[in-house]
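# Structural overview for review
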Amino acid sequence: MPKAKSKLVPRPPKVIYPSGCKELSEELNKEELVKRLKNLAKVFTEVGQDDNDDYVGLALFLASDFFLSHPSKDVRLLVACCIADIFRIFAPEAPYTHPGQLKEIFLFLVQQLRGLQDPEAPLFKRYFYLLENLAWVKSFNICIELDENQEIFCSLFKMVFSIINDKHQAKVKNFMLDMMCPLITEADAVSQELLDIILINIIEPHKSQNKEAYNLARDLIRRTSNAIEPYIQAFFNNSLVLGKRSESEVSGHIYRLIYELNNIQPSVLLAVLPQLEFKLKSNDENERKSVTKLLARMFSDPNSDLASQNKPLWLCYLGRFNDISVAVRTICVAHSQHFLVNQPLLIKDVTEMLQQRTHDKEESVRCEVVQTILAAAKKDLNCVSTELLECVKERTLDKMSKVRSSALMGLAQIYKNIMKMPDATPDQVTKVAWIRNKVLHTYYQNNVEDRILVEKILNTSLVPYSAEPEERMKTLFYLYAQLDEHAVKALNELLKYQYSIRCTVRQLLELHRCADTEERAKAMLPKINQLARCLREPTKAQDHLKKFNQILVKDIRIRQLLSKLLSGECTCKAAEIHVKEIMTKMGTSNTLYSVKVLLERIAPLLIDRVAISALMKFVDDAVRGLGEITDELRNASEAGMKLLMTLSFVFPGAFHTETAFEYLITFLRHEDETVAELTLQIFANTGQGLQEDFPNIYSSLLPVLQSMVKIGTPRQAKHAIKCIAVLCKNKEAIFGQVFEHLKRSLDFESANFETALVSIGHIAQLCPQEFAVDLKGIVARFIVKEVLMQDRSEPLDNEDSWCPDHMVSDETIAKIQGMKLIMRWLLGLKSNQSNLGISTLRMLHTNIAHEGDLMERGKVNKPEMARLRLAAGSCILKLVQESCYAELITHEQFQGLAVLINDPCYEVRVRFAQKLHRGLMNLRLPLQYLAILSLAGQEPVKEFKAQIKQFLIGNINKRREYMKQHSAAQAKTYSLLPEYVLPYTIHLLAHDSDFESYEDKPVLLNLRDCLLFVMDPLIKSDNHTFNFYKKLFDAIKQTADAQEPKDEDTNKKLYAVCDLAIDILMSKAPHFILKDYPANPMLPSKLFTAPNLNVNTKVYLPKDFPLLNKKKASMQAIPVSPKLTAATDTKNNTGIKVSARENKPNNAMKSPGKTKEGTKGRKTNTVTEESKRSESRSPRKSDRKENEKVQNKTSTKLHSPARQKQTKLTDFATKRTKNDKQNLRQSPRKGKDAPLTPTKTSSKSSSQLVNGGRLQSANKTTPVKSKFVGKSPQRRDSDRRKIDNESGGSPSPAKRFKTSPIKGTRQVVKNLSPVLSSGSSSDKSGIAVRSSPRKRQADEKSLNKKPLPIKRTRMARGSQNSTDEDNIIPSPSSTNSSVSPRKQSKVVTDMPKKAYPIRSNVRRSASIPNGTSDGEEEGTPETVAVTSMSPKKRAAALAKAIETVGTEEEEEELNIKRRIRKRKR
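Residues numbered from 1 in each chain as written. Predicted model: local features only at pLDDT ≥ 70, side-chain atom pairs only at ≥ 80, totals over all residues. Heavy atoms only, no water.

### Observations regarding the overall build of the protein chain
Under the convention used in this document: Here a helix means four or more residues in a row that DSSP labels H or I, a strand means two or more in a row labelled E, and each is numbered from the N terminus. Three labels apply to residues, based on accessible area from a 1.4 Å probe with only protein chains included: buried if under 20% of the type maximum, exposed if over 50%, partly exposed otherwise in between. By the convention used here, residues are in contact when the closest approach between their heavy atoms is within 4.5 Å. Note on areas: Shrake-Rupley with a 1.4 Å probe; residue coverage comes only from the protein chains shown.
In terms of regular secondary structure, the protein chain is built from 64 helices and nine strands. Expressed as a percentage of its 1465 residues, the buried residues of the protein chain come to 55%. A separation of at least 24 residues holds for 74% of the contacts in the protein chain among residues at least 6 apart in sequence. Surface accessibility of the protein chain: about 66800 Å² in total, with carbon and sulfur atoms responsible for 49%.

Below you can see the structure in the form of structure tokens.
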């Protein structure tokens, strides 16, 4: 290396060496030079600061380029040590005065310090001496005075942070800090570059990559916090407030840096925290997210007290829980977990915020709340309050499945963890005890996903299937015994539902064993559909199961595995192996998921024979009162027996072991009656094949059963007979043995009298023909005459409506059991032989009618009468579940039975409703009995009324689902569809015992409550059709009551109830649009006669009756097709089935909008009730003259009954021509009728027909004479029907109302159709009046304005204070024609009209080629097509066409002006 001469400092002329040191020169070789430098360095270590004057030359010589740039690191290291000693010797001054030379020397020293990187290096001690010397003397402080000191400091700091590692000892790190700290604390300034070098080491990824560098930077900041704080504050001020970003790596990690600095030295951020509060309120969402995340970490750190020190910032952070941004709210919620675990003082504030966010509208936020609370609870349950757990409990009912599943799975996992903890405290166990109930309550939801989830939780958390059989059964026992009543029912339903799925799969496998035919394929399809409904997304699952079924056809091994899985001998471990093997053979096909869920639902993962044996042992200990289970659980024996009974129904094969049956015989002999009864039920469920497989058990069991039939309790005898029927092949012989003994016990003095009645009744049901002779004599001579018709004992004084079971007399119990005996015998016979069914129903009805005292001797007290009434009603409900008896019940018997739901005794109402609900839910009771629930609308107890409402809703949903799931049910639509309960309900209410007159207002109000009770769930359902209901009610009004068809009062009451139903319907449908229903409703012929062809439009409600329909919707009847026939469910009067296909929709109900294009000669005429009453009346002469004047001055006339008073606005008759300029109708020849013949229109338009008359254009001066005038009322009605039939459809329902009269005007008797809509009104007598000229002119001006949206409302008939703007405006698709609420002239109403939907891409008020503007509202009635005329031409046409008569009050004129101002923009 060539020698380099220093350009900074000239070589001193003379160099003096310490004594003992040889001269240094450039000519020396390396070894010699190193030897002499070592000696010199050794001497320098001993030289003090007083002997420094002679060594200036040597100091300058050592700082020459020769030594500083020497290639040997040994030489450079020794020179660095010597220079370090020179700084020590010459301190506090340095022999080097030139700044450039000092810079070069210190950079040289920094390079030499790099040798500290490896503490195991041979020269490390000398490097350490160099560091120690520099740190002790603070030699680098000399650089503070240099202008370029930051370059030196940055080089030094970079080098130190890069070489430090975990091999360095603490003293090395301390010397580094001693060397570096003065350069910050004593410096005049700290550059941004130097600050970045320090700060970069405390943030990721440097923090993780070199932890020692992080520790060094941390300690450095802590030591120099006061000095470095202003520079840190300035840096953050530029970044956060001014938005300036430096080019260093730190500028992109501002918030990470703040977090680390807060952990290291919070005091340096005192001026930065207020800036964070400002950033929290920034409009930039990303900034708020970053600051929120930062503060969440800062506040939630374990040892952080920032919230207490900076309360405003904490409150500002809490406000971000309500941030408008979903991401910000999610961040706040997600970090709340750390607050709950680490900050006990902040739990209250955070809990309040989390409670609010549990109701967040965003699913992700609610889900995050649940996960946060559960994560904190898993770490430490004590840190989560009960309020937060309640929030999670509430989210188990969330509308989103993701939130529900997160809540349920998390709660179940917490429950599992606590129950597995051996050291769990009682408080912790109590805190999570509700989880087991809540999880099982979720099974009540109809959602398949929720049910599958509950089953999964049961197998994994509540009772882990992976546990050993003994531990698993102990857990199941504890779980079942500690569940509440509803949870127990849910668990039982869960197990039974899994059993039903297993049965379906077993049936599918049996079909695979049959020959491959089309019949087999058809039989498989319903099974596959049924299984698909048990899985998520039934449509997809159905496709997957079809593919799986195809695999079953080909793969015999999978079929074998499924058969083993469903066999009673399959163990839990074997089931798990079989499922895995099936899934492996399925591969990765798309059907994998659905098949996996199906296999999980059918696999016996909890129960097998080994498990049942273990459970039997626990139950045996509980029954005998031994073991720890008895000490810890209440009613352990009863809970264990109920669990065994449930499992015996679901897993009967698991009980087929000798050990299990021996345990059961032991239970059967137990003195506890409940245990014996439950054991009998278990034997009934599991005893199939017991006689062949276990003869010893059978021989021991049979005598016990026979003894219980004879002398056991009634319940024991009942179940013992069922056991004998299941166990014994020759049950008739065994029953014959005990029957004789039972007959001898039919004595009131016998101790086993009640048992004998019960036993004989059940034997009669099972073997009705074998003992028919004996039973007939017993029933006729003993049960009826001696038990039911006799009152032997005197009644006890008891004025209560009900009494406990133990207070019921033996005679009353015998009467109840006697009724049940007859009922069971009839159920066994299933026929009405010898009129036994009729006589029995008559007797039971009499019992109810006499309030429980059959013979009315007054010897039965009130509570026992209530029990007898209830028993009679229950027997009827049982009997009518058989079709042969359901047809025998009369109207009076049914109506008497229905009264029980309004019984004065609350217990009777409750028990009868429960029995009725059970029969309806099983679809065993006819649809007619669903109408009984309507009477609960008068129930005074709110809780019970709400329960019956749920019964009603549940049955409606049950029937709808049954119709969807069973294609064969379509043939029984009229007996299954819940909508058809309304005819039964109306008939039942019409025969209410309190309903004596159809004008009885209080009773009508009560009946309306009953109708509302039934119609609410029907109308609120998704598939309601208002028009169907309306047609149904109108059809009833066209019939007569079949119970008393000639009784006028009875029919009027029926019609009044129909009017109540129509009023309710209209109130539920304020925007009621009549649409054609695909089928005519069918009425049961048992209740109603054949329909009358005359339309019954009369309203039978009292005039002052308060209607529900506030908008006075029309109660006008829809004309019912003559083809409508009454039927009993699906049969008409002739007994022939009438289906929806046979009763095709009549053309009379079709909308005019559906008429064919170009149809001519259409005629229509709607006969209203008012017109019928007024046809025979003659108008006054003055009115006739006024009528003639009006007709002379107008170009269009009405062809309608001349004597008819018009009390309503009628529909427009529109006509469209090909030429849009031709706006007026062509006048017909004088003296001839001009039938309304619409011209060809587009397919989208409809012919609007006159309602109540036909339009005619003529210039005659005489009144128009109706073609119906002079005919009898019957003939007129016939002619009108003829016109309706010729026109191809019935006219649309009339909209009846009366407008308020206008004072000071002349009255005109005339059928006003479009004329009235152009500014006329009518008084209470139905006489039309015309408005004033000023009003006409105001209306002309208003026509130039853009029409406002028209309100769709209905007016009830007879409304007295209506205005034009309150008219009903149906949509163009409705069967009703429309009447414009705006007052228009006749010429305008005669113009062609067409409705167009609103066009959003057209300029507001701009004309559209079809003659409308985009200001029209979609679905509004037809608008006047006059946009092609200029305003002047339009005004001229109106002036010619409008005839003004009368005067107008100023108030009315002001109203017109107000309307005009409202239309202006």
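Read on for the rest.
### What about unusual backbone geometry?
Cis peptide bonds are those with omega within 30 degrees of zero, and the linkage from Ala 91 to Pro 92 qualifies with 5°. Along the chain, Pro 92 falls in the loop between helix 4 (73-89) and helix 5 (99-113). In this chain, Glu 204 is followed by Pro 205 through a cis amide linkage whose omega measures 5°. Secondary-structure assignment places Pro 205 in the loop between helix 9 (192-199) and helix 10 (206-209). Of note in this structure, Glu 851 is not a glycine but carries a positive phi near 60°. With respect to the secondary-structure elements, Glu 851 resides in the loop between helix 46 (836-849) and helix 47 (862-879).

### Some points on the packing of aromatic side chains
Here is the rule we go by: The aromatic pairing rule takes the rings of Phe, Tyr and Trp, using the six-membered ring of Trp, and pairs them if the centres are within 6.5 Å, calling planes under 30 degrees apart stacked, those over 60 edge-to-face and the rest tilted. A ring has a charge above it when a Lys NZ or an Arg CZ is no more than 6 Å from the ring centre and no more than 35 degrees off the ring normal.
Evaluation of the coordinates by the stated rule reveals 31 aromatic pairs. Ring geometry for Phe 299 and Tyr 317: centres 5.7 Å apart, planes at 45°, overall tilted. In this pair, Phe 299 sits in helix 15 (residues 285-300) while Tyr 317 sits in helix 17 (residues 311-319), placing the two residues 18 residues apart along the sequence. One aromatic cluster is present, formed by Phe 299, Trp 314, Tyr 317, Phe 321 and Phe 339 through successive ring pairs. Taking the ring centre of Tyr 214 as reference, the NZ or CZ of Lys 207 above it sits at 5.0 Å. One cation-aromatic arrangement involves Arg 297 over Tyr 259; the distance from NZ or CZ to the ring centre is 3.8 Å.

### Some words on the state of the cysteines
Operational definition: Pairs of cysteine sulfur atoms within 2.5 Å are what we label disulfides.
Under the defined criterion, the tally for this structure stands at zero disulfides. Of all cysteine sulfurs in the structure, the one in Cys 905 sits closest to Cys 803, which takes part in no disulfide; the separation is 9.2 Å.

### A few points about helix 34 (residues 609-624)
What counts is decided by this rule: One less than the residue count of a helix, multiplied by 1.5 Å, gives the span that helix is expected to have.
Taking 1.5 Å of rise per residue, the 16 residues of helix 34 would be expected to cover 22 Å, and the 23 Å separating its terminal C-alpha atoms lies within 8% of that figure. All of the buried residues along helix 34 are Ala 611, Ile 612, Ala 614, Leu 615, Met 616, Phe 618, Val 619, Asp 620, Ala 622 and Val 623. Summarising the contacts, the buried residues of helix 34 are in contact with helix 27 (469-482), helix 35 (627-632), helix 36 (636-650) and helix 37 (658-668). Positive phi shows up at Gly 625, right after helix 34, with a value of about 80°.

### Some points on the nonpolar core
The line we're drawing: Buried residues of nine kinds, namely Ala, Val, Leu, Ile, Met, Phe, Trp, Tyr and Cys, make up a nonpolar core once their side-chain atoms join them within 4.5 Å.
Formed by 361 residues in total, the largest nonpolar core has its most connected members in Phe 140, Phe 157, Phe 236, Ile 258, Tyr 317 and Tyr 929. The greatest single-element share of this core, amounting to twelve residues, is contributed by helix 4. With residues up to four places along the chain from it excluded, the contact list for Ile 258 reads Phe 236, Leu 240, Leu 269, Val 272, Leu 276, Leu 294 and Met 298. By size, the runner-up hydrophobic cluster in this structure holds 34 residues, among which are Leu 511, Ile 528, Leu 562 and Met 583.

### Overview of the packing of helix 29 (residues 518-532) against helix 30 (residues 538-554)
The following threshold applies: Helix axes use the C-alpha atoms of the stretch in contact, all axes being lines fitted to C-alpha atoms, and the angles between their N-to-C directions lie in the range 0 to 180 degrees. Note on angle classes: values under 35 degrees are labelled roughly parallel, values over 145 roughly antiparallel, values of 65 to 115 roughly perpendicular, and the remainder oblique. Whether a crossing is left-handed or right-handed is set by the direction in which the near helix is turned from the far one by less than a right angle, anticlockwise for left-handed and clockwise for right-handed. Charged residues are taken to be Asp, Glu, Lys and Arg, nonpolar residues to be Ala, Val, Leu, Ile, Met, Phe, Trp, Tyr, Cys and Pro, and polar residues to be all remaining types, Gly included.
Orientation of helix 29 relative to helix 30, taken along the N-to-C sense of each, is 135°, at an axis distance of 9 Å. Regarding the angle of helix 29 to helix 30, the classification is oblique. Between helix 29 and helix 30 lies a crossing of right-handed hand. Contacts between helix 29 and helix 30 involve Arg 520, Met 524, Leu 525, Ile 528, Asn 529, Leu 531 and Ala 532 from the former and Pro 538, Ala 541, Gln 542, Leu 545, Lys 546, Asn 549 and Val 553 from the latter. Classifying every residue of the contact of helix 29 with helix 30 gives nine nonpolar, three polar and two charged.

### Describing a positive patch on the surface
For clarity, the cut-off: Here a patch means residues that are over 30% exposed by relative accessible area and free of salt bridges, tied together within 9 Å if like-charged and within 5 Å if nonpolar (Val, Leu, Ile, Met, Phe, Trp, Tyr). Whenever a carboxyl oxygen of Asp or Glu lies within 4 Å of a side-chain nitrogen of Lys or Arg, that contact is scored as a salt bridge. Positive: Lys, Arg. Negative: Asp, Glu. His and the chain ends are not part of the count. Lys charges are placed at NZ, Arg charges at CZ, Asp charges at CG and Glu charges at CD.
Taken together, the side chains of Lys 722, Lys 878, Arg 911, Lys 915 and Arg 918 define a basic patch exposed on the protein surface. Looking at the positive patch element by element, the count peaks at three residues for helix 50 (residues 906-921). Overall, Arg 911 belongs to the partly exposed group, its relative accessible area being 34%.

### As for the packing of helix 9 against helix 12 (residues 225-241)
Interaxial distance between helix 9 and helix 12 falls to 11 Å at its minimum, and their mutual angle equals 95°. Comparing their axes, helix 12 and helix 9 come out roughly perpendicular. Between helix 9 and helix 12, the residues in contact are Gln 192, Leu 195 and Ile 198 and Ile 228, Tyr 231, Ile 232 and Phe 235, respectively. Its residues placed into classes, the contact of helix 9 with helix 12 shows six nonpolar, one polar and no charged.

### Observations regarding helix 26 (residues 448-462)
Short version of the rule: Polar contacts, as counted here, are pairs of nitrogen or oxygen atoms within 3.5 Å of one another; within protein the pair requires one atom able to donate a hydrogen and one able to accept it, and residues that are adjacent in sequence qualify only if both atoms are side-chain atoms.
For helix 26, spanning 15 residues, the distance from its first C-alpha to its last is 20 Å, which sits close to the expected 21 Å at 1.5 Å a residue. Looking at the packing, one finds that the buried side of helix 26 touches helix 23 (401-420), helix 25 (434-441), helix 27, helix 28 (485-512) and helix 33 (592-602). For helix 26, the N-terminal cap is Asn 447; the gap from its side-chain oxygen to the backbone nitrogen of Glu 449 is 3.0 Å.

### Regarding the side chain of Asp 360
Relative to the assigned elements, Asp 360 resides in the loop between helix 20 (347-357) and helix 21 (363-379). Of the residues examined, Asp 360 reaches a relative accessible area of 4% and is grouped as buried. Polar side-chain contacts of Asp 360 include one of 2.7 Å to the side chain of Arg 329. Here the side chain of Asp 360 touches Glu 362 through a polar contact of 2.8 Å, landing on its backbone nitrogen. Residues within four places of Asp 360 in sequence aside, it is in contact with Arg 329, Val 365 and Arg 366.

### Some thoughts on the environment of Thr 539
Its place among the elements puts Thr 539 in helix 30. For the pair formed by Thr 539 and Asn 529, sequence separation is ten residues and the distance between their alpha carbons is 9.0 Å.

### Brief notes about the pattern of salt bridges
Per the stated rule, a full pass over the model turns up 47 salt bridges. Taking the shortest distance from any N to any O, the salt bridge between Asp 360 and Arg 357 comes out at 2.8 Å. The pair Asp 360 / Arg 357 is uniform in exposure class, with both members buried. In this structure, a network of salt bridges that share partners links the residues Arg 366, Glu 394, Arg 395 and Asp 398.

### Let's talk about the environment of Asp 791
Among the structural elements, Asp 791 can be located in the loop between helix 44 (772-788) and helix 45 (810-829). Sequence separation between Asp 791 and Lys 859 is 68 residues, and the spatial gap between their C-alpha atoms is 6.5 Å. Engagement of the side chain of Asp 791 in a polar contact is seen with the side chain of Lys 815, the distance being 2.4 Å.

### Comments concerning the confidence of the model for the protein chain
Caution applies to low-pLDDT parts of the model: their predicted coordinates are not meant to be read in detail. Cut-off, in case you're wondering: A residue's pLDDT is the confidence the predictor assigns to it, expressed on a 0 to 100 scale.
Averaged over the protein chain, the pLDDT score is 77; the fraction of residues at 70 or greater is 73%. Across residues 1-9 the pLDDT falls below 50, and counting only partners more than four positions away or on other chains, this stretch makes 16 contacts in the model. Segment residues 1438-1449: pLDDT under 50, and 32 contacts once partners within four positions in sequence are set aside and those in other chains are kept.

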